[in-house]
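So the chains spell out like this:
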Amino acid sequence: MISEKMKPLVANNSAIRAMFEEGSQMKAIYGDDQVYDFSLGNPNVPAPPEVKQAILDILENEDPVYVHGYMSNAGFPETRKAIADSLNRRFDTHFTEKNILMTVGAASGLNVALKTLLNPGDQVITFAPYFVEYGSYVANYDGELVVVSPDTATFQPNLEEFEQKVSAKTKAVIINTPHNPTGVIYSEETLQRLAAILERKQEEFGTTIFLISDEPYRELAYDGAVVPYVTKYYRNTIVGYSYSKSLSLPGERIGYLVIPDEAEDAEQVIAAATIAIRVSGAVNAPSLMQLVIARCVDASVDVAYYDRNRNALYNGLIDCGFTCTKPQGAFYLFMKSPFADEKKFCEMAKKYHILMVPGSSFACPGYVRLAYCVSYETIQNSLPAFQALARECFPEK
């Protein structure tokens, strides 16, 4: 009865969401403080106070017809200008409001970009490990996702394999930095090499290849790490951004796309993306939150909170004998499983009320992801459970 496209999605529902539901059931049995749920990237840090104040000011002082009404499918001009001005101040770019399109979070923004670009059979390349929904987003528009295998030494993109996989059918490449699930930030050298490959391939095939940079974690960087702004390295770039993490507003579904003037046929792409927002069913991004963003464009959550969690969890796991890469950004830690079958490790962890996501959910088996956007107390309370898990995994130690 349901569509053929939906059948595999129903059969293979998100492991992350399934684990989140399982965590809720475990908490009902054992209590919230006895379950250590690292499954879902749901920010535990509250939105900054500027957000609440902006909401109150807007609702009390602005025309409600305007606040809750329709606007251009691309969004309120004042919001788009505020974002463009902020990006220009921070990254020495030269955007105007026409380069900014407000979207229903980054996920909707990626779908808008792909709907704008893809014809049936076009290929989109991404790098494992990757956010599993990329495959669904590409399939929504009858494209084919091509996956480059992971470089587990650095978790920077495997550019040698990438160059071999770019073909005349390649229409777009999706990158994600800071990265989910590893927390790695793609270096300037990586982006320069990636851009050079794309330039060569465009010339070789006589095609245009867009680089779509998925950046919901841009503001979450640690130890002074710099997140390079991708449009500076490759002109055919589209940036997708979300305030879900930077302002702790995941349920509000507010973000934007950046389409630079330098991109091939930029005016046509911007016009098509604006229409894609409408025909995808979103019509426009939430009006109230657009107006909030215009007032809070430079606000941010307390990144130091996540940094404390990052260090506590990383150091605790290392002390237990586990192997993991210390995250540079985002709020995920990617840990090597003691067993080749990381799903076995995840099941073992549940005995100690620890919930982790298997790396195979990100096309990188042998690893597990832990989201440390939880309370600091959860991390501290979980460490004895991790120690007990380690004793079972490494009985010889």
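Predicted, not measured: the structure shown is a model, and the values here were computed from it.

Enquirer: Looking at this model, I keep getting lost on the packing of helix α6 (residues 105-117) against helix α11 (residues 266-279). Mind explaining?
Expert: A pair of packed helices is captured by two measures, namely the crossing angle of their axes and the spacing between those axes. Closest axis-to-axis distance for the α6/α11 pair is 9 Å, and the angle between their directions is 120°. Our classification of the angle between α6 and α11 gives oblique. Note on packing geometry: the crossing formed by α6 with α11 is right-handed. Of the residues in α11, those in contact with V112, K115 and T116 of α6 are V269, A272, A273, A276, I277 and V279. Residues that form the contact of α6 with α11 fall into these classes: seven nonpolar, one polar and one charged.

Enquirer: For this particular structure, what's the right way to read the packing of helix α5 (residues 77-91) against helix α12 (residues 287-296)?
Expert: Across the interface, α5 lies against α12 with an axial gap of 8 Å and an inter-helix angle of 35°. You can see that α5 and α12 cross each other, and the crossing is left-handed. From α5, E78, T79, A82 and I83 reach across to α12, where they touch Q290, L291, I293 and A294. When the residues that make up the contact of α5 with α12 are grouped by side-chain class, the tally is five nonpolar, two polar and one charged.

Enquirer: Before we go on, may I ask you to explain empty space enclosed by the protein in this structure?
Expert: Any space left empty among the atoms is revealed by the rolling of a water-sized probe across them. As enumerated under the stated definition, the model contains one cavity of 30 Å³ or more in all. Along its surface, the largest cavity is lined by T126, F127, P129, Y130, F131, Y134, I174, I175, N176, H179, N180 and Y186. Secondary-structure elements contributing two or more residues to the lining of the largest cavity are β3 (123-127) and β5 (170-176). Take the lining of the largest cavity: its biggest share by element is three residues, from β5.

Enquirer: What am I meant to see in the sheet that holds strand β13 (residues 367-371) here?
Expert: Paired through their backbone hydrogen bonds, the strands of a sheet run either parallel or antiparallel. Taken in spatial order, the four strands of this open sheet run β9-β10-β13-β12, and their pairing is antiparallel. Of all the strands in the sheet, the pair left with one neighbour each is β9 (323-325) and β12 (357-358). Sheet topology places β9 next to strand β10 (residues 332-336); three bridges connect them, and they run antiparallel. Pairing of C324 across the sheet is with M335, part of β10.

Enquirer: I would appreciate a short explanation of the pairing of strand β2 (residues 100-103) in the present structure.
Expert: On any regular strand, side chains alternate: one points to one face of the sheet, the next to the other face. Burial of β2 is two-sided: the residues I100 and M102 facing one way and the residues L101 and T103 facing the other way are all buried. Taken together, the four bridges between β2 and strand β8 (residues 255-258) define a ladder with antiparallel strand orientation. Looking at the pairing, M102 lines up with Y256 of β8.

Enquirer: Explanation requested: a nonpolar patch on the surface in the structure shown.
Expert: Taken together, the side chains of M1, I2, M6, L9 and V10 present a nonpolar region at the surface, about 570 Å² in accessible area. Given a relative accessible area of 45%, I2 falls into the partly exposed group.

Enquirer: Would you mind showing me how to read the side chain of E342 here?
Expert: With respect to the helices, strands and loops of the structure, E342 is situated in helix α14 (residues 342-350). Buried charged residue E342 carries no salt bridge. Nearest counter-charge: K343, at 5.9 Å. Looking at E342, its side chain comes within polar contact range of the side chain of S360, at 2.7 Å. For E342, the residues in contact, after removing those within four places along its chain, are S337, P358, G359, S360, P365, G366, Y367 and V368.

Enquirer: How should I be thinking about the pairing of β8 in this particular structure?
Expert: Residue alternation in β8 divides its side chains into two sets, G255 and L257 and Y256 and V258, and both sets are buried. Two elements, strand β7 (residues 237-242) and β8, share four bridges in a ladder whose sense is antiparallel. Looking at β8, one finds that G240 is bridged to L257.

Enquirer: It is not clear to me how the environment of Q387 should be interpreted in this structure. Could you clarify?
Expert: Here Q387 lies in helix α15 (residues 376-393). For Q387 and C320, which are 67 residues apart along the polypeptide, the C-alpha to C-alpha distance reads 5.6 Å.

Enquirer: Explain the nonpolar core here, please?
Expert: In globular proteins that are soluble, nonpolar side chains generally tend to be buried together. Y306, F322, M335, M356 and F386 are the most contacted members of the largest nonpolar core, which has 42 residues in total. The leading source of residues in this core is helix α13 (residues 303-320), at eight residues. Sequence-distant contacts of M356, that is, excluding residues within four places in its chain, are made with M19, M335, F345, C346, A349, V368, R369, L370 and F386. One finds I100, M102, A285 and I293 within the second-largest nonpolar core, a separate group that totals 31 residues.

Rules and cut-offs
Every chain's residues receive numbers from 1 upward, in the order its sequence appears when written. Reporting of local features is limited, given that this is a predicted model, to residues whose pLDDT is at least 70; pairs of side-chain atoms are given and counted only at 80 or more, and all residues count toward the totals for whole chains, interfaces and linings. Water and hydrogen atoms play no part in the side-chain values, which are based on all heavy atoms of the structure. To obtain an axis, a line is fitted to C-alpha atoms, over the contacting stretch when the element is a helix, and the angle between two such axes runs from 0 to 180 degrees between their N-to-C directions. Secondary structure elements follow DSSP: runs of H or I of four or more residues count as helices, runs of E of two or more count as strands, with numbering from the N terminus. Under this scheme an angle from 65 to 115 degrees is roughly perpendicular, one under 35 degrees roughly parallel, and one over 145 degrees roughly antiparallel; angles in between are oblique. Left-handed is the label given to a crossing in which the near helix is rotated counterclockwise from the far helix by less than a right angle, and right-handed is the label when the rotation is clockwise. Note on definitions: a residue-residue contact is assigned when non-hydrogen atoms from the two residues lie within 4.5 Å. Throughout, the ten residues Ala, Val, Leu, Ile, Met, Phe, Trp, Tyr, Cys and Pro are labelled nonpolar, Asp, Glu, Lys and Arg are labelled charged, and all others, Gly among them, are labelled polar. In the cavity and pocket records, a cavity denotes points on a 1 Å grid over the protein atoms alone where a 1.4 Å probe fits but cannot get out, a pocket denotes an open set with protein on both sides within 12 Å along at least 5 of 7 lines, and lining residues are residues with an atom within 4 Å of a point. Grid points are joined across faces, edges and corners, and a volume is the space filled by probe spheres set on the points. For two strands to pair, DSSP has to find at least two bridges joining them. The buried label goes to any residue with under 20% of its type's maximum accessible area, the exposed label to any with over 50%, and the partly exposed label to all in between, with areas taken from a 1.4 Å probe on protein chains only. Distance thresholds for patches are 9 Å for like charges and 5 Å for nonpolar side chains (Val, Leu, Ile, Met, Phe, Trp, Tyr), applied to residues having over 30% relative accessible area and no salt bridge. Per-residue and other accessible areas follow the Shrake-Rupley method at a 1.4 Å probe size, with only the shown protein chains counted as cover for residues. The term salt bridge refers to a side-chain nitrogen of Lys or Arg lying within 4 Å of a carboxyl oxygen of Asp or Glu. Neither His nor the chain termini are counted; the positive set is Lys and Arg, and the negative set is Asp and Glu. Two N or O atoms count as a polar contact when they lie within 3.5 Å, although within protein this holds only if one can serve as hydrogen donor and the other as acceptor, and sequence-adjacent residues are included solely when both atoms are side-chain atoms. Here the nonpolar core consists of buried residues drawn from Ala, Val, Leu, Ile, Met, Phe, Trp, Tyr and Cys, with membership extended through side-chain atoms lying within 4.5 Å.

The analysis is restricted to geometry; functional conclusions fall outside its scope.
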